Amino acid sequence: MVPPFRCSPGRTRRRRAHQAIKAEHTTLCPNCGAAKRSHTACSSCGYVRPGLQIKTGKGPSA
Ligand SMILES: [Zn+2]
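Residues numbered from 1 in each chain as written. Predicted model: local features only at pLDDT ≥ 70, side-chain atom pairs only at ≥ 80, totals over all residues. Heavy atoms only, no water.

Draft legend 1. Spatial organisation of the coordination of the zinc ion. Summarising the metal site, the zinc ion is bound by the protein donors C29 (SG), C32 (SG), C42 (SG) and C45 (SG), whose distances to it range over 2.2 to 2.4 Å. Viewed at the metal, the four donor atoms of the zinc ion are separated by angles of 106 to 114 degrees, and the geometry they form is tetrahedral. Sequence spacing among the residues donating to the zinc ion works out to C-x2-C-x9-C-x2-C. Of this pair, C32 sits in the loop between β1 (26-28) and β2 (35-37) while C45 sits in the loop between β2 and β3 (47-49); the two residues are 13 residues apart in sequence, bridging distant segments of the chain. Under the relative-accessibility criterion, C32 is labelled partly exposed at 40%. (Donors = N, O, S within 2.8 Å, 3.2 Å for Na, K, Ca; no water. Tetrahedral: all angles 85-135°; square planar, octahedral: opposite > 155°, others 65-115°. Helix = DSSP H or I, 4+ residues; strand = E, 2+ residues; numbered from the N terminus. Buried < 20%, exposed > 50% of the residue type's maximum accessible area, 1.4 Å probe, protein only.)

Draft legend 2. Local environment of a positive patch on the surface. Among the surface-exposed residues, R11, R14, R15 and R16 lie close enough to one another that they form a single positively charged patch. Looking at the element boundaries, R15 is found in helix α1 (residues 9-16). Residue R15 is classed as partly exposed on the basis of its relative accessible area of 42%. (Patch = residues over 30% accessible without salt bridge, like charges linked within 9 Å, V, L, I, M, F, W, Y side chains within 5 Å. Areas by Shrake-Rupley, 256 points an atom, 1.4 Å probe, with all protein chains shown as cover. Salt bridge = Lys/Arg side-chain N within 4 Å of Asp/Glu carboxyl O. Lys, Arg positive; Asp, Glu negative; His and termini not counted. Charge placed at Lys NZ, Arg CZ, Asp CG, Glu CD.)

Draft legend 3. Looking closely at the environment of T56. Within the fold, T56 resides in the segment after β4 (52-53). Look at T56 and you get buried, because its relative accessible area is 15%. Separated by 23 residues in sequence, T56 and G33 have C-alpha atoms that sit 16 Å apart.

Draft legend 4. Spatial organisation of unusual backbone geometry. Not every positive phi belongs to a glycine, and H39 is a case in point at roughly 65 degrees. Within the secondary structure, H39 is located in the loop between β2 and β3.

Draft legend 5. Structural detail: the pattern of salt bridges. For the coordinates displayed, the defined rule picks out one salt bridge. Among the ionic pairs, R37 bridges to E24, the shortest N-O distance being 3.6 Å. Of this pair, R37 sits in strand β2 while E24 sits in the loop between α1 and β1, and the two are 13 residues apart along the sequence.

Draft legend 6. Just the side chain of K36, in detail. Checked against the element boundaries, K36 lands in strand β2. A polar contact of 3.1 Å, which involves the side chain of K36, links it to the backbone oxygen of T40. Dropping the residues within four chain positions of it, K36 is found in contact with T26, T27, C29, A41, C42 and Y47. (Polar contact = N/O pair within 3.5 Å; in protein donor to acceptor, adjacent residues only side chain to side chain. Contact = heavy atoms within 4.5 Å.)

Have a look at this one:
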């Protein structure tokens, strides 16, 4: 199979204009104030939601 038409450099760049990597969206942990990804456990203190906090090796509760 041979592609019938070759994409021009401008068309390739227009297509790849949507492929940039965006910065990771973070929220502040309500327990310790560190930046954490939403809907995940805090990486510094292990806080997930009220009533649930998992153990981490570096938190004060560990
Ligand atoms: Zn935290």
